[in-house]
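A structural walkthrough
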Amino acid sequence: RAGAEVLGLEQFEFGHVRGGSQDHSRIIRLSYHTPAYVRLAKQAYAAWRELEEDSGEPLIRTTGGLDLFPYGGRIPINDYTQSMDAEAVKYEVLPAGEVEHRYPQFSLEPDVVSLFQAQSGIVPAAKCNAAHLRMAKSHGAHVIENAPVTDIRTKNGTIEISAGGSRFSCEKLVIAAGAWTNTALEHFGEHLPLEISQEQVIYYNSPVIADFMPDRFPIWIWMDEPCFYGFPVYGEAGPKVSQDVGGNFVTNDKRSFEPDPAITSRIERFLEQVLPGVPGPQIYTKTCLYTLTPDRDFVIDSLPHQTNVFVAVGAGHAFKFASLFGKILAELALDGRTLSDVSTFKIDRPVLQMQNPPRSYMI
């Protein structure tokens, strides 16, 4: 909408792997624990369709999705069914035997109950990032890589930024910096109680690889603590598996790119019990960073005392919303309001004002 008036600054090279928004695949789904999230997910699907139409490139891969709830687990199924009912989203509740009939790759205890939602699937992270950049440029935006921000200051309502050895000025600023959010907010005397965890995903060369192709196997989430999730074959020659918030807490400048054997061990013990056909030689293991708010809700808001500065934090589960978040942030910057309900994601909500807030990362 703002065309050539838009400038994007990336501190590293485009397509880098230091944050949490690269790799081949992320889950996209309509099954969520509150009606507000289900509504937002519907809007996310629409935003991705707009990008597909704009770029002329198909992006979302529909596979169907299973949320698997073990008996006595930490995540209640009713939160999901009631939220989807409230938003008229169709789903099926399946007993373990029906899941194993449809997807014999699973080996489930009889008391596992699952939700199947047909529209779930894969949002291809690297392809979507590239499409966003390509279309931004085609609409006139300027984007600069290897331009770390070293200073931000305001002067007579104008924001002045030093980055990559150059100086820029702007009327509105959007900060979408992931694990570097507080580094950017320091320039405004602000700080959020964020924790950064180092997570990892593993691709396996399954001995029965044909069973895990996207037309035969869905995305899935094990809804308990620990929480595991996975994908059919996509982008690499084997299925992908991870543990949600299973890694150690780190800082963005002292993280490691080395796999954690403890996470690998937990994943493989789980797979031996539930998806015994997945384990095989590892194709590779990839690390990434989660930037976690205490309540695991997003931040999408302006700074209370600097209303021309907008902040977005994804809380380690936001890539499925990336295209929508861009639209929302553009609306906030250009119109001062958005048609999407982001009231839950205020930057000054009580839990973000606490020095040592209670933390709950299960969603």
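All values derive from a computational prediction rather than experimental measurement.

On to the pattern of salt bridges. All chains considered together, the criterion is met by 17 salt bridges. Across the pair glutamate 87 and lysine 42 runs a salt bridge, and its minimum N-O distance is 3.9 Å. With glutamate 87 in the loop between helix H2 (77-86) and strand E5 (92-95) and lysine 42 in helix H1 (residues 35-55), the pair connects residues that are 45 residues apart, well separated along the chain. Notably, a salt bridge pairs glutamate 57 with arginine 134, separated by 2.9 Å at the nearest N-O pair. Here arginine 134 lies in helix H4 (residues 125-138) and glutamate 57 lies in the loop between H1 and strand E3 (61-62), a separation of 77 residues in the sequence. According to the relative accessible area criterion, glutamate 57 is partly exposed, its value standing at 21%. The exposure class assigned to arginine 134 is partly exposed, which follows from its relative accessible area of 39%. Because the salt bridges share partners, they merge into one network encompassing Asp151, Arg153, Glu160 and Arg167.

This brings us to the state of the cysteines. As enumerated under the stated definition, the model contains zero disulfides in all. Between cysteine 128, a cysteine without a disulfide, and cysteine 288, which holds the nearest cysteine sulfur, the sulfur-to-sulfur distance is 16 Å.

With that out of the way, let us pick up the packing of H1 against helix H7 (residues 322-335). Each pair of packed helices gets described by two things: the angle between the helix axes and the distance between those axes. Remark: H1 packs on H7, axes separated minimally by 7 Å, with the N-to-C direction vectors making an angle of 90°. Viewed along their axes, H1 and H7 adopt a mutual orientation that is roughly perpendicular. Contacts between H1 and H7 involve Leu40, Gln43, Ala44, Ala47, Trp48, Glu50 and Leu51 from the former and Ala322, Ser323, Leu324, Phe325, Lys327 and Ile328 from the latter.

With that settled, the discussion passes to H1. For H1, which comprises 21 residues, the first-to-last C-alpha distance of 30 Å matches the rise-based estimate of 30 Å (1.5 Å per residue) to within 8%. Residues of H1 that are buried: Tyr37, Val38, Leu40, Ala41, Ala44, Tyr45, Ala47, Trp48, Leu51, Glu52 and Ser55. Those residues of H1 that are buried lie in contact with strand E2 (26-28), H2, strand E7 (121-123), H4 and H7. Backbone geometry just after H1 places glycine 56 at a positive phi near 70°.

What counts and how
Residues numbered from 1 in each chain as written. Predicted model: local features only at pLDDT ≥ 70, side-chain atom pairs only at ≥ 80, totals over all residues. Heavy atoms only, no water. Salt bridge = Lys/Arg side-chain N within 4 Å of Asp/Glu carboxyl O. Helix = DSSP H or I, 4+ residues; strand = E, 2+ residues; numbered from the N terminus. Buried < 20%, exposed > 50% of the residue type's maximum accessible area, 1.4 Å probe, protein only. Disulfide = S-S within 2.5 Å. Axes fitted to C-alpha atoms, helices over the stretch in contact; angles between N-to-C directions. Parallel < 35°, antiparallel > 145°, perpendicular 65-115°, else oblique. Contact = heavy atoms within 4.5 Å. Expected span 1.5 Å × (residues − 1).

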